Amino acid sequence: MTRSTENRILATPLVLFLLVMLGFPTILDIIYSFSEVSFENLRSPTFNGGRNYISILNDPEFWSASWFSMKFGLATAFAECILGLVLAVYLAPIIRKNTWMIAVLIMPMMIAPAMMGLMYRLLLHEFVGALPHYMFYWLGDSPAFLSRENVFTTVFTIETLQWTPFAFLLFFMAYEAIPGEMREAAAVDGARGLRMFWHIEMPMMLPTIAVAFFVRFIDGFRVFDNIFVLTGAGAGGATTSLSIYIYLSFFRSGEIGNAIAASVILFCVSFLALFFAGRLLRRSGA
Amino acid sequence: MSQKVKNLIRWLVFILVALIINFPVLATLSASLKTAAEISRNPGIFVQSPTLENYASILEVSERLNIFSYLQNSLIASTIASVLPIVLCFPLAYAVARRGYGKSLIFPTVVNLRAMPLIIFAIPLYMMYQSVGLLDTPLGLGLILAVVNLPLALLILVNAINDVPFELDEAARIDGARIFVILLKIVFPICLPALATVFIFSFITAWNEFLFGLMLTTTDAVPMTVGASFFFSSGGGGVQWGVAAAVIIVASVTPVVLGILMYKHISRSMIAGAVKG
């Protein structure tokens, strides 16, 4: 057997699996996005040109869902990276000696986002929730966390509290990987504290920061679970992310063609974003 | 300020942060140990008269709610979703690590899946599953969750095989051993720790998944995460908060315990996944 035959055989199982599980659905996506479909004629869709795309692009809810996802992804990624960085650098001296602390700090990552959302349904409930209880007790008042005005802040905080540990973990590892000689050399030159961080440590962690930001942005952008269980499509649509929008148009309103056209648009946008992010990361040497 | 005082403040910050980010878990645990009467009388975090009655009552199977079935479905689907990525990625990882095969197309494709919003595949999968009878089956759910786990599995395995000394399999090769024998008898045993990491990590991810469970199952194959949300959409009479809290705890025990046991390995592979992704 030649090496290239061998290589092909080694790759075959995964390639076949991907073709069936993703290749076929992608083709279906493209065909159905140009068709009139409903639950009644799922097997025999009729071609309707680009009507689904036109109706999606004219749907204000599609745009508000896209805007929500973009805003949510950027805001949470930004907050998580800042908080994670501060925590990692500030706590590093004690965590170094007590690595079990990492387990405590990354515990929220082990909880399913859907379960986290359900926990907050209990925690924020105005009669049985612990948070309103304490806020009334200490501050004399408690906001309506899920009202239209407050709901973005609420879901933003929930996502940030659950995933700051991710950024923290990456940054702590990167911080610990900075060679000791590097710091010593800088210390000899008189760099200390913030200056040391800003001029020596931070630049060395930059690739990790970029990656963490990107991963968190992606996850925030496609957010579904925690928001869906917490507010559903509620709060006047103020928390409809793009994933929730696609889900709702598929199941609730039966606009399958529109849901699929939105999927295809999302696919193309993600693909382009990945392509450029990949080039950018490669250029920065990450 | 002396170093001691500085570290004391660090400890206080650590405790405060740990309490804040884990507060939902603590509050849910506390509610799960209260009677219904105590929950409305005392919504705070401290339990006055702990009881296990909420846990007892979720074990009662009803037509609408069946926690044993949810747990079983999650177990089956998560096992499929953790074994399959290993079986599929291990051979390719060898080709990638040893020969640079697939570095231009298949490797980046799989790794970039990590960043794809997977809902775009959910609707066509629904249609596909419907026509082949995989809709509402643990197998169907496990298959798509295996896709979710492919990127990290491939990354970890490529890194692991890179760490296997090249001379080992070259020597076997010269002795005339066939590639599959080399993979199974030499590389596989050395990679066991990495394989265990992939398994556990995939298992946690699959267990915690919600979107595909929601879309691709209806009654028979409902996984634990989706089943838990059923307890919040009460069938008349409002949500029983104590019971609902107990269900969340039951649903979260498995991934949390696995995660705590594995946290050192998980952090290491997360680095691999993130930095090389």
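Residues numbered from 1 in each chain as written. Chains lettered and ligands numbered in written order. Predicted model: local features only at pLDDT ≥ 70, side-chain atom pairs only at ≥ 80, totals over all residues.

The name an unreviewed UniProt entry assigns to chain B is Maltose/maltodextrin transport system permease protein MalG, from the organism Roseibium album.

With that settled, the discussion passes to the overall build of chain A. Helix and strand content of chain A: 13 helices and two strands. For chain A, whose C-alpha radius of gyration is 24 Å, the value lies well above the compact-globule estimate of 19 Å for 286 residues. Overall, the C-alpha framework of chain A stretches about 75 × 75 × 30 Å when taken along its three principal axes. When each of the 286 residues of chain A is scored for burial, the buried share is 44%. (Helix = DSSP H or I, 4+ residues; strand = E, 2+ residues; numbered from the N terminus. Rg over C-alpha atoms; globule rule 2.2 N^0.38 Å. Buried ≥ 20, exposed ≤ 12 C-beta atoms within 10 Å, placed from the backbone.)

This part takes up the overall build of chain B. A tally of helices and strands in chain B yields 13 helices and zero strands. Counted from the first residue to the last, chain B has its helices and strands arranged as α-α-α-α-α-α-α-α-α-α-α-α-α. Expressed as lengths along the three principal axes of its C-alpha atoms, the size of chain B is roughly 75 × 70 × 30 Å. Residues classed as buried in chain B amount to 49% of the 277 residues present. Partitioning the contacts of chain B with sequence separation of at least 6, the portion at a separation of at least 24 is 76%. (Contact = placed C-beta atoms within 7 Å.)

Right, let's talk about the packing of helix α8 (residues 166-174) of chain B against helix α9 (residues 179-190) of chain B for a bit. All names here are of chain B. At a minimum axis separation of 10 Å, α8 and α9 run at an interaxial angle of 145°. Note on packing geometry: the crossing formed by α8 with α9 is right-handed. Contacts from Leu168, Asp169, Ala172 and Arg173 of α8 reach α9 at Ile182, Ile186 and Val187. Of the residues belonging to the contact of α8 with α9, the class tally is five nonpolar, no polar and two charged. (Axes fitted to C-alpha atoms, helices over the stretch in contact; angles between N-to-C directions. Left-handed = near helix turned anticlockwise from the far one by under 90°. Nonpolar A, V, L, I, M, F, W, Y, C, P; charged D, E, K, R; others polar.)

All right, on to the UniProt feature "transmembrane region" (unreviewed entry) in chain B then. Under the present numbering, the feature "transmembrane region" (unreviewed entry) in UniProt falls on residues 12-33, 75-97, 109-129, 141-161, 182-207 and 241-263 of chain B. Secondary structure content for residues 241-263 of chain B is 100% helix and 0% strand, while the C-alpha to C-alpha distance between its ends is 31 Å. (UniProt positions renumbered as here; feature names shortened; annotations may be inferred.)

Before going further, it helps to examine the packing of helix α4 (residues 67-99) of chain B against helix α10 (residues 192-208) of chain B. Pairs of packed helices are described in terms of their axes, by the angle between the two and the distance that separates them. Residues and elements named next belong to chain B. One way to put it is that α4 packs onto α10 with a least axis distance of 8 Å and a crossing angle of 140°. Accordingly, the angle class assigned to the pair α4 and α10 is oblique. Our pair here, α4 against α10, has a crossing hand that is right-handed. Residues Ser74, Ala77, Ser78, Ala81, Ser82, Pro85 and Ile86 of α4 lie in contact with α10, whose contacting residues are Leu195, Val198, Phe199, Ser202, Phe203, Ala206 and Trp207. Residue composition of the contact of α4 with α10, by class: 10 nonpolar, four polar and no charged. (Parallel < 35°, antiparallel > 145°, perpendicular 65-115°, else oblique.)

The next thing to look at is unusual backbone geometry. Residue and element names in this part refer to chain B. For aspartate 136, which is not a glycine, the phi torsion comes out positive at approximately 60°. Note on placement: aspartate 136 falls in the loop between α6 (119-132) and α7 (138-163). The class of aspartate 136 is partly exposed, set by 17 C-beta atoms lying within 10 Å.

Okay, the interface of chain B and chain A next. Between chain B and chain A, the residue contacts involve 72 residues of the former and 74 residues of the latter. When residues of the side of chain B that touches chain A are assigned to their parent elements, the largest contribution, 16 residues, is made by helix α13 (residues 241-276) of chain B.

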